[in-house]
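# Notes for the structure review
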Amino acid sequence: MTTRPLAARPAHRRAPARPRGARGLAGWLFVIPALAFYAVFVLRPIALTFQYSMYEWNGIGPSTWVGMANYGRVFTDPDLFDSLINAFQLIVFFSAIPVVLGLAIAATIRRIATSRLAFVARTVLFLPQVIPLVAAGIAWSWLLASTGVINQLLSLIGLGGVTRAWLGDFGTALPAVGMIGAWVLLGLCTLLLLAGMSKIDPSLYEAARLDGAGAWREFVSITVPSLRQEIAVCVTVTVIAALASFDIIYIATQGGPGNTTMVPGLQIFYLAFSEREVGTASALAVVLMLLVIACALPIQWFAKDGNR
Amino acid sequence: MTISRREAWTGRLLLIVLMAVTLLPFLSLFVTALHPSGTYPAGLAWPDDPQWGNFPRAFEAANMVALLTSSTLIVLGVVPISILLGTMAGFAIGHLRVIGARVVFLLFVLGLTLPFEGIITPLYYQIRDMGLLNTRWAIILPLIGLFMPFSVFWMRAHFVNMPGELSESARIDGANVWQLFRRIHVPLAMPAISSLAILLFLWTWNQFLLAIVLVDDPAKRTMSGALGAFQGQWGTDIPLLCAGSLLILTPTLAIFLIFQRHFVKALLQGSLKG
């Protein structure tokens, strides 16, 4: 399986021969239907989000122009600003844990990547990617409940003192939600990194062994640099999953207790559809969209640099 | 390559632990589902008297037949159209290189990382004005639009690598653009198309946000949206909720296990390109 550069760059090859008119009207007839759906159901709503964000509107009555006031609120109202902070804290769990742990695991199981056990593991580790996040949320809410399995296990190893309702505790709710995300994304990251490792030339490792390099040295000097692109992919996917998280939190905590697990996606949903503050919701939506792009782009550049 | 024994065993052990952690939530759902309904079972404990009857009860309570039908209808609406439109546009941008292809492509790529929450508010009012709220079209039509960036991106990546000689010989045979597309390029693109189909199926089936915002009636939602409603309704009856969750998971799991090789391949490729 060949992997292509992430944001594929335009190929500068000799233009192939095409039927007459294919670059003009005839060709455009192939693009227009896709573009039409995209314009009506994505581009127009994006433009409207920007427009709504400048107004105060309850969704029914007349709207008033308020300029950038809604953005001011996003960055000054603690309820709204905290949701952005929470999203960034979730990155630690959604990205850092799966990528770092995934690297460690993939490096350890690299040598047995072709065994029967590894084949079974590939299927099992993908399960969290296949099931709806809602189901993951339900299952984990129960695991993390006061009578759940996590507490049972903790008591078993003598840590009965720390047991609690993990998702209902002000101090632990956000990390607990983060662990659900880590569970969902760990398998994907491990398998992506493992697939990347299988493409590293084995002679590199042999040379390193001959030079007397230990496992750690091998990992730092060969494995990690060779996986630059795969790591960038994992980081991009997981950072976006953290910033735009919705399903898991909606199911597991609804943003509570208090506002401790509120994230922008959920806040937008509440503002727009419960509190009827469409303007503020839209301003937060714009901030979220820009944040995601601001985080995704540098990672792409970083990955591309390594290929040149 | 020499594999030291110790390394192999550490690897195996780690894999087994990792699989156990992955499977733990499923196991917990299953064991809990067998407890008498209305109770709060403590952790992982096999019940004295397994209540297999919880599954048929949950099947009734969740209205599974209606849910399956609804999700299937939505998938049938979204996936074929998305694939057709995405393949056509990918072909025109990647192979025909229509005038302005780079600009259009960039426009699509911009949407690749778009969080759905970003546009859900205007989308709601737009769908309301179109008179489509509470219909399956409210999920189908926006999803096609939202899937366009990835579909076009994915199919373009395939078509960009198709040699121009293919089209050359077809042109000599007098084929027009549509025939060239339909007879030569679509058959060759089947592997890329089937991976795309798997990914789109999964993302449609599991779509949650659009379902809960745009459709009130769980029987007209996707599986995921229906599961959310099921939790709201039966959230206090833990064993029944667990049984219902498992039932709602079963179709996805069954399809995954049948096509698992394709799924794993599609998901790995999908995230590498996405």
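All values reported here derive from a predicted model rather than from experimental measurement.

### Description of the overall build of chain B
When its secondary structure is counted, chain B shows 13 helices and zero strands. In sequence order, chain B lays out its α and β elements as α-α-α-α-α-α-α-α-α-α-α-α-α. Its C-alpha atoms put chain B at 75 × 65 × 30 Å along the principal axes. Split into buried and exposed, the 274 residues of chain B put 50% on the buried side.

### Considerations on the overall build of chain A
Scanning chain A for helices and strands turns up 13 helices and two strands. For chain A, the spread of C-alpha atoms along the three principal axes comes to 75 × 75 × 30 Å. The buried share of chain A, reckoned over its 308 residues, is 47%.

### Observations regarding the interface of chain A and chain B
Of the residues lining the interface, 92 residues belong to chain A; the matching set on chain B comes to 94 residues. Here the element with the most residues in the side of chain A that touches chain B is helix α1 (residues 25-52) of chain A; it accounts for 18 residues. Classifying every residue of the side of chain A that touches chain B gives 73 nonpolar, 13 polar and six charged.

### Topic: the environment of Ala195 of chain A
Residue and element names in this part refer to chain A. Here Ala195 shows up in helix α7 (residues 173-197). Exposure remark for Ala195: the 21 C-beta atoms within 10 Å place this residue in the buried category. Considering only alpha carbons, one finds Ala195 and Leu227, 32 residues apart in sequence, at a separation of 9.7 Å.

### What about the nonpolar core?
By size, the foremost hydrophobic cluster in this structure holds 187 residues, and its most contacted members are Val31, Ala34 and Leu284 of chain A. Ranked by residue count, the leading element in this core is α7 of chain A, at 17 residues. Beyond its immediate chain neighbours, meaning those up to four positions away, Ala34 of chain A contacts Leu85, Gly86, Met88, Ala89, Met148 and Val152 of chain B.

### Some remarks on the packing of helix α4 (residues 101-110) of chain B against helix α6 (residues 137-159) of chain B
All names here are of chain B. Closest axis-to-axis distance for the α4/α6 pair is 8 Å, and the angle between their directions is 130°. In terms of orientation, α4 lies oblique with respect to α6. For the pair α4 and α6, the sense of crossing is left-handed. Residues Phe105, Phe108 and Val109 of α4 pack against Met148, Pro149, Val152, Phe153 and Arg156 of α6. Of the residues that constitute the contact of α4 with α6, the class distribution is seven nonpolar, no polar and one charged.

### Looking at unusual backbone geometry
The step from Gly256 of chain A to Pro257 of chain A runs through a cis peptide bond, and the omega angle for that step is -5°. Along the chain, the position of Pro257 of chain A falls in the loop between α11 (247-252) and α12 (264-273). Within the chain, Gln254 of chain A stands out as a residue other than glycine whose phi angle is a positive 55°. Tracing the backbone shows Gln254 of chain A in the loop between α11 and α12. Even without being a glycine, Asn63 of chain B presents a positive backbone phi close to 60°. Looking at the secondary structure, you find Asn63 of chain B in the loop between α2 (54-61) and α3 (64-96). Asn63 of chain B sits in the partly exposed class, given 16 other C-beta atoms within 10 Å.

### Some remarks on helix α5 (residues 133-143) of chain A
By the criterion of burial, α5 of chain A is predominantly enclosed, with eleven of the eleven residues buried. Within α5 of chain A, the full set of buried residues consists of Leu133, Val134, Ala135, Ala136, Gly137, Ile138, Ala139, Trp140, Ser141, Trp142 and Leu143 of chain A.

### Re helix α4 (residues 116-130) of chain A
Along its 15 residues, α4 of chain A runs 22 Å from first to last C-alpha, staying within 8% of the 21 Å computed at 1.5 Å per residue. Every buried residue of α4 of chain A is listed here: Ala121, Leu125, Phe126, Leu127, Pro128, Gln129 and Val130 of chain A.

### Describing the confidence of the model for chain A
On average, residues of chain A score 86 in pLDDT, and 92% of them reach the 70 mark or higher. Note on residues 1-17 of chain A: pLDDT under 50 across the span, and 24 contacts to partners over four residues away in sequence or across chains.

### Some thoughts on the packing of α1 of chain A against helix α5 (residues 120-129) of chain B
As a packed pair, α1 of chain A and α5 of chain B sit with axes 8 Å apart at the nearest point and diverge in direction by 110°. It follows from the interaxial angle that α1 of chain A and α5 of chain B lie roughly perpendicular. From α1 of chain A, Pro45, Leu48, Thr49 and Tyr52 of chain A reach across to α5 of chain B, where they touch Thr121, Pro122, Leu123 and Gln126 of chain B. For the contact of α1 of chain A with α5 of chain B, the per-class residue count stands at five nonpolar, three polar and no charged.

### A closer look at the environment of Leu23 of chain B
Residues and elements named next belong to chain B. Within the secondary structure, Leu23 sits in helix α1 (residues 5-33). Residue classification places Leu23 among the partly exposed positions, given that 14 C-beta atoms sit within 10 Å. Distance from Leu23 to Arg102, taken between C-alpha atoms, is 45 Å for residues 79 residues apart in sequence.

### Let's talk about the confidence of the model for chain B
Overall, the prediction assigns chain B a mean pLDDT of 87, with 97% of residues at 70 or greater. Both confidence scores are given for the complex: pTM 0.89, ipTM 0.89.

### Regarding the environment of Thr64 of chain A
All names here are of chain A. Looking at the element boundaries, Thr64 is found in strand β2 (residues 64-65). For the pair Thr64 and Leu174, spaced 110 residues apart in sequence, the C-alpha to C-alpha distance is 36 Å. Not counting residues within four places of it along the chain, the set of residues in contact with Thr64 comprises Tyr55 and Glu56.

The rules we used
- Throughout this description, residue numbers start from 1 for each chain and increase along the sequence as written.
- For this description, chains carry letters from A and ligands carry numbers from 1, given in the order in which they are written.
- Only residues with pLDDT of at least 70 are given local features in this predicted model, and only at 80 or more are side-chain atom pairs given and counted; all residues enter the totals for whole chains, interfaces and linings.
- Under the scheme used here, helices are H or I runs from DSSP no shorter than 4 residues and strands are E runs no shorter than 2 residues, and both carry numbers assigned from the N terminus.
- Residues with at least 20 neighbouring C-beta atoms inside 10 Å of their own are called buried, those with 12 or fewer are called exposed, and the rest are partly exposed, where every C-beta is derived from the backbone.
- Here, residue contact means that the backbone-derived C-beta atoms of the two residues sit within 7 Å.
- The nonpolar class holds Ala, Val, Leu, Ile, Met, Phe, Trp, Tyr, Cys and Pro. Asp, Glu, Lys and Arg form the charged class, and all remaining residues, Gly among them, are polar.
- The nonpolar core criterion groups buried Ala, Val, Leu, Ile, Met, Phe, Trp, Tyr and Cys residues into a set whenever they are joined through C-beta atoms within 7 Å.
- For every element, the axis is a line fit to its C-alpha atoms; helices are fit only across the contacting stretch, and the angle between N-to-C directions ranges from 0 to 180 degrees.
- Reported orientations rely on four angle classes, namely roughly parallel under 35 degrees, roughly antiparallel over 145, roughly perpendicular from 65 to 115, and oblique for the rest.
- Whether a crossing is left-handed or right-handed is set by the direction in which the near helix is turned from the far one by less than a right angle, anticlockwise for left-handed and clockwise for right-handed.
- What a helix is expected to span follows from its residue count: subtract one and scale by 1.5 Å.
- pLDDT: the predictor's confidence for each residue, scored from 0 to 100.

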